[in-house]
Amino acid sequence: MKIKMRALQLENLTKYAFRAPPWWVSLLLTAAAGAVVELISYISAGIPAGLGAAAAVPQIALLLLVIPLTKKCFQHLTWNRAGLLALANTAISLLFLLFALIPVFDCIFSYILASGFTLAFTIFILTAVVDYRVGKILPAALLPAVLQLTAVSFIAGLQFLVPALIADTAFALAAVLLLSVFDKPLKRGSGLIAMQFVNIYISHITGTGHGGANQMEEYLTKISEPAVVPETTFFFRREGKQDIWFVVPNLHPGPLADIGGSNFPNILFEEFKDEALLFVSHGCASHDLNLISNNETEKIADAIRRSKAAAGKNPGFYQASASAPVRSSCGSVSILSQRLGNSLLMVATRSPEMTEDMDYSIGRIIIGEARRWYDQVGFADGHNCIGKEDKITYPSTRIGNEYIKGATDAIESMRSAKMHPLSAGAAHTKLPFGRKDGFGDTGLVSLVTEAGGKKTAYVLFDGNNVEAGVRDILRNAVLKEGFDECEIMTTDSHIVNTISGRNPVGMAVPAEKILPYVLQSVRDAAADVSPAKVGAAAGDCENVRVFGPGKIIQLTSEVSGIVSHLLPLFGLFLLAAALITVVTWLLL
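Residues numbered from 1 in each chain as written. Predicted model: local features only at pLDDT ≥ 70, side-chain atom pairs only at ≥ 80, totals over all residues. Heavy atoms only, no water.

> Explain the overall build of the protein to me, please; I cannot follow it from the model alone.
Helix and strand counts for the protein come out as 16 helices and 14 strands. Taking contacts inside the protein between residues at least 6 apart in sequence as the whole, the part at least 24 apart equals 79%. In the structure as shown, the protein presents an accessible area of about 23,300 Å², 61% of it carried by carbon and sulfur atoms. (Helix = DSSP H or I, 4+ residues; strand = E, 2+ residues; numbered from the N terminus. Contact = heavy atoms within 4.5 Å. Areas by Shrake-Rupley, 256 points an atom, 1.4 Å probe, with all protein chains shown as cover.)

Next up, the structure:
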């Protein structure tokens, strides 16, 4: 039996995002639709005059007045989205007019049915986009309904006002009941309001909210919990040159865009730029260990400072020796290992197969095994080959066991590795590509080590994974530059994930355009090489607030499940309201 484990993440919800057309386009189309109906009524005796205006004018009024009426609500509504809502309501009204083709009904009944449906639709959309509190958006939602009731009275007579009122009431109650059902699963499971999450999420990805990422962070804080997570840093020191620090934090830079700790690798890089050139790799961490805010990065920085200060008191902390690089494999897992002083650095990959997040427990198992023989160990996930879907690797799986056994074998074999004088160099390369291209704010950092006549290049992109095949293209090109070993890595920074949940290095920008910058970076790092000493220290990131085990999966799966079942529920509730309207029409 195959067990399929898939990481449900906030970025998976971006598939529900869309862009609205310009408001004036929606306005023109709404007015044109009303004019067409008026033209048809002029040449057809079966359609009463004024019905086209009755369909279009209330929606044009909604477009023009909905923003002032919702000015004090939780989120902003843009003119483009107001226009799209008005256009959608007009289109719905025209579709409902087709009911007039049924002999039992006529145009007035169809219009009454459309009035109720568009009222429910408007309530639901405004609640999702503008304010999760229904009472706040009711004045705006009722505006076109009131105008439609007025139109019914003028076009058909006051006798039709009662069925129109009953229809609007039935549809409005159906919408409110649907929203209540929508909120219940998440409120029961997490104590959160689902529609508030929708409000914040839509406003964040569209840039229309009052508080942006801060609102999302405040919302997610309710499900966060404190954690104590270790980090390991290799401190390279050179005479007369800038220090180089290779950091392996076991925290996850997600969930997406500038929400939570998505940009913590760059923030950490900038935090220490006056002290060292920082190499922020990706440790063993999934979305369970997302920082709740980028402000939590300071706790990682504190752990690095404390560990360095404590280790620095040991006269033998810095050592001028390292082993040659050794690459080993176990199944689909390939591990590049190098002893640095009394500590061990390992970088793992499964490229050309999917190399994604490893569960935190895998790192703890490997670190615990290695600490029997080494002062410290840094186990980094290369995170350099994206698959068709995101999967977290757990220790109980075949791949998890390959990581653990491969690392254990490397730990054992590196014990007898011959040590040589160490030299090291590094380079920070700014790239002409941005977040939308899959590259974070740090750009590219390269570290080159020389020991025993062997040159090793560690190339790190600030990004979220690498397009399949790109890692191998870049690595092979670096090896042709005279390097004996090389690994391409990413920070896994989710700052590059905005509207699209998939934006790896090499997808928007092809490998051949990235390659010149990689080659220049490793050449600059090689030119910077000089004799070095290195020491590794580990520190605990204390009381760092993270999403917590299973919380992000629970949140996104519940919201995604609710959204996926929303259409059938919406249809069911509105069908009940429509039946009430039909019965009322037939009786009255």
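Next, the rest of the story.
> Is there a simple way to explain the sheet that holds strand S1 (residues 225-238) in this structure?
Within a sheet, each strand pairs with its neighbour through backbone hydrogen bonds, oriented either parallel or antiparallel. One open sheet accounts for eight strands, arranged S3-S2-S1-S14-S10-S11-S12-S13; its pairing is mixed. The sheet terminates laterally at strand S3 (276-280) and strand S13 (485-490), the two strands that pair on one side only. Here the average twist between neighbouring strands, direction ignored, is 25°. Two strands pair when backbone bridges link them, and S1 and strand S2 (residues 243-249) are joined in this way by six bridges, in the antiparallel orientation. Directly across from Thr 232, in S2, lies its bridge partner Val 248. Across the face of the sheet, helix H10 (residues 297-312) comes into contact with S1, S2 and strand S14 (530-546) while running at roughly 135° to S14. (Pairing = 2+ DSSP bridges. Axes fitted to C-alpha atoms, helices over the stretch in contact; angles between N-to-C directions.)

> Which parts of the structure should I look at to understand the side chain of Ser 321?
Relative to the elements of secondary structure, Ser 321 occurs in strand S4 (residues 321-323). Not counting residues within four places of it along the chain, the set of residues in contact with Ser 321 comprises Leu 340, Gly 341, Met 419, His 420, Leu 422 and Val 534.

> Just to check I follow, could you spell out a nonpolar patch on the surface for this structure?
A surface patch of nonpolar side chains, about 700 Å² in accessible area, is lined by Trp 23, Trp 24, Leu 28, Leu 64, Leu 65, Leu 69 and Trp 79. Relative to the assigned elements, Leu 64 resides in helix H2 (residues 51-69). Here Leu 64 falls in the partly exposed class, since its relative accessible area comes to 43%. (Patch = residues over 30% accessible without salt bridge, like charges linked within 9 Å, V, L, I, M, F, W, Y side chains within 5 Å. Salt bridge = Lys/Arg side-chain N within 4 Å of Asp/Glu carboxyl O. Buried < 20%, exposed > 50% of the residue type's maximum accessible area, 1.4 Å probe, protein only.)

> Looking at this structure, I do not really get the environment of Pro 58. What am I missing?
For Pro 58, the location among the structural elements is in helix H2. Separated by 57 residues in the primary sequence, Pro 58 and Ser 115 have C-alpha atoms spaced 10.0 Å apart. Ignoring any residue separated from it by four or fewer positions in sequence, one finds Pro 58 in contact with Ala 53, Tyr 111, Pro 144, Leu 147 and Gln 148.

> Explanation requested: the pairing of strand S12 (residues 454-461) in the structure shown.
Side-chain direction in a regular strand flips from residue to residue, so the side chains alternate between the two faces of the sheet. Burial of S12 is extensive: six of the eight residues sit out of reach of the surface. In this sheet, S12 lies alongside strand S11 (residues 444-451) in antiparallel orientation, the contact comprising eight bridges. When the sheet's bridge partners are listed, Glu 450 is paired in S12 with Lys 455. Count of turn residues in the S11/S12 antiparallel hairpin: two residues, of which Gly 452 carries a positive phi of about 65°. Sheet topology note: the S12/S13 ladder contains six bridges and is parallel. From the neighbouring strand, Thr 456 faces S13, where its bridge partner is Glu 485.

Geometric descriptors of this kind do not, in isolation, establish any biological role.
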